[in-house]
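Overview (structure and organization)
Listed below are the residues making up each chain.
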Amino acid sequence: MVAGDDDANPTVKRPTTKTAKAKSTSVPAARAEQEDPTFTAKSRGTAEIIRRVARYLQPYWLISVTTMGCALLSLAFSFVYPHLIQSVIDGVSGKSPAANFSRLSAGLIGSFLLRDLFNGLRIRLNNALEQNVIFDMRRDVYARLQRLPVNYFDQRASGDLMTRVIEDVNSVERILIDGIEQGTLAVLALIIVPVILFRKSVLLGFVTLIPLPLLAGGALWYTLTAHRRYRAQRQAASAMNALLMDNLQGVRQVKSFGQEAHEDVRFAARAQDLRAGTLGIMRIWAVYSPAMSFAASLGLGLILWVGGREVLAGKLSPGQLVSFLIYAGLFYDPIRQLHGLNQLLQAARAAGERVFDILDSPLERAGGESHRPLPSPVRGEVVYTDVAFDYAAEKTVLRGISLHARPGEMIALVGPTGAGKSTLVNLLPAFYEATAGTITIDGQPVNETTLESLRQNISVVSQEAFLFNGTVRENIVYGKLDATEEELFAAARAANCHEFITRLPEGYDSRVGERGVKLSVGEKQRVSIARALLKDAPILILDEATASVDTGTERLIQEALDRLLRNRTSFVIAHRLSTIRQADQILVLRGGRIIERGTHEELLAGQGLYHQLARIQNTTFIEEGFEKLTPIS
Ligand code: ADP
């Protein structure tokens, strides 16, 4: 297309760059795919990918048109010089009237200058366009990702999703910008240049076309073989990233179990998959690219052979032959570029399938027009009526769950691990949707309530306090972004964490590290309680911590929790016998059903499972008790 600009034009060079990059980061998917269905995405046609990506260009139509205009002008000026060369050669060999060399050389320099000026402008605009589209697409993918149901994340590896947002988005965008522009220019050149060629010599025009069937056949072969390989490579890249992320998060476990060598082997296997996958792509590229280049050059040889005889026969001037050869080069160039484009296209298609898999996944709550906010103020009356739930069709997790929590009551859930306690409470903020029965808050069904209102009115404090990698202040105000300084301090005081925070080197502005590693377990818990206090939702879900902390810390946490529980309807997944004594209702779950319910005293009198549990001595955590009980019950 634009002659002589390959080195200066990053977009033209990219197929090679991409391959090199793929070498270092991507993977063979075949093994990853077998191991884990996580990394696959629905297969889609190239046309669909291009059409969908092209929508991202719409807001930037002006830049797109200008870029294309610059590219066309640059192309047009690159057509001038073969013609000038012809005049020079025929002038010096006496085949045409003596040429005005100063005008010819000024014309030549001028046309090159304009070609390169327009090309420079095109590169500049093209880069801006690319970055805008990448930004928009990445933002869309992230926004969508955040609004997908929890279930979606249960099935995926975070490293895979990160690869989609970071690497695949880039790859998809490139087909759009580079692809459309290079493709259009190449096609234009392929239409315009033959017209010039046939006007110069019909015979040589036909000779130029001889390699075309070879070139077309080669492109078809590459397209058909490459997609599967690119797909496999993207999946392998993803699988390696997922493993890396998992290992980085579990670095303490790896060390404490002394499994560094084992992890080296696992990582090497994924990295080897990536190497094999990338080499697989490069192997066919190494055959395809030179073969196509040779096929095109074959044409030049044929033109020289037939054209030379025409010159000798006096049917063609030497200048005409030389300019014909240069124009033929301008014809084969875009064909070569179309091959690079094909490579780009196959890579983008594989990446696009993965990106659009996210964009097309159903939102947490599709068709939300019928949903309404909870009537304000929320009192916090929660009723479950005959609720059932399964994660997968074949396995029932909850059955026939009915309960009634009056405003301000504390409901303790106890039962062996896997009984369904977490699942039961996760239905309330609609992390998962009940498969049967109804759940209401103040009489309004949860599945008719907007997620925003629902989650505003429910705080969740989990067993392992999760803190974001930021400052203590940022972590607490996450519960209420517009909180005043007084509100922040009040919440921190009530959560018994103000004191330790002020003792940190930078107080509230101290950084907590990833997942809060720089704080102790007890400190993290209190920060997460402060966050919930600041949010001040009328309903609370609390998964009590199971980790043992020293008595002093435990007292601080307990006080903080007592303040958090006050005047709220709370569902407490209780792990400590000491906690449940204060509950208004205790629900004993087993096998997804509520098998006993009542207050501590009522249940003790009932001679059931709870009664047996309470009689076991020396047990701090309820689950331990259940384990000891299992043989009896
Ligand atoms: P509990 O909180 O009482 O320990 P859970 O509610 O966590 O029990 O789990 C109940 C059952 O559901 C268990 O058999 C568990 O394996 C299964 N389960 C929990 N979470 C998921 C999930 N995200 N996907 C599939 N199954 C799950």
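Being a predicted model, the structure only gives us computed values, none of them experimental. (Residues numbered from 1 in each chain as written. Predicted model: local features only at pLDDT ≥ 70, side-chain atom pairs only at ≥ 80, totals over all residues. Heavy atoms only, no water.)

For the coordinates displayed, the defined rule picks out 14 aromatic pairs. Arranged with centres 5.1 Å apart and planes meeting at 55°, the rings of Tyr81 and Phe112 form a pair that is tilted. Remark: Phe112 occurs in helix α6 (residues 101-146) and Tyr81 occurs in helix α5 (residues 80-92); sequence separation between them is 31 residues. A relative accessible area of 21% places Tyr81 in the partly exposed class. Look at Phe331 and Tyr332: their rings are 5.5 Å apart centre to centre, the planes differ by 55°, and that puts the pair in the tilted class. A residue is classified by how much of its surface remains accessible, and Tyr332, at 1% relative accessible area, is buried. Connected via pairs of aromatic rings, a cluster forms that spans Tyr222, Trp285 and Tyr288. (Phe/Tyr/Trp six-rings, centres within 6.5 Å; stacked < 30°, edge-to-face > 60°. Helix = DSSP H or I, 4+ residues; strand = E, 2+ residues; numbered from the N terminus. Buried < 20%, exposed > 50% of the residue type's maximum accessible area, 1.4 Å probe, protein only.)

Our focus in this paragraph is the sheet that holds strand β9 (residues 585-590). Strand pairing in a sheet relies on backbone hydrogen bonds, with the paired strands running either antiparallel or parallel. Within the open sheet, the 6 strands sit side by side as β6-β7-β8-β3-β9-β10. Their pairing is mixed. In this open sheet, the two edge strands, each paired with only one partner strand, are β6 (458-461) and β10 (593-598). Direction aside, neighbouring strands of the sheet carry axes that sit 20° apart on average. Note: strand β3 (residues 410-414) against β9, 4 bridges, orientation parallel. Of the residues in β9, the one forming a bridge with Val414 is Val588. (Pairing = 2+ DSSP bridges. Axes fitted to C-alpha atoms, helices over the stretch in contact; angles between N-to-C directions.)

The environment of the ligand is formed by 13 residues, the closest being Asp154, Gly418, Lys421, Ser422 and Thr423. Note that an oxygen atom of the ligand is positioned 2.9 Å from one of the backbone N or O atoms of Lys421. Compared with its free state, where it exposes 560 Å², the ligand has 64% of that area covered by protein. Broken down by element, the residue count for the shell around the ligand peaks at 3 residues, all from helix α14 (residues 421-426). Its residues assigned to classes, the shell around the ligand shows 5 nonpolar, 5 polar and 3 charged. (Near = heavy atom within 4 Å. Polar contact = N/O pair within 3.5 Å; in protein donor to acceptor, adjacent residues only side chain to side chain. Areas by Shrake-Rupley, 256 points an atom, 1.4 Å probe, with all protein chains shown as cover. Nonpolar A, V, L, I, M, F, W, Y, C, P; charged D, E, K, R; others polar.)

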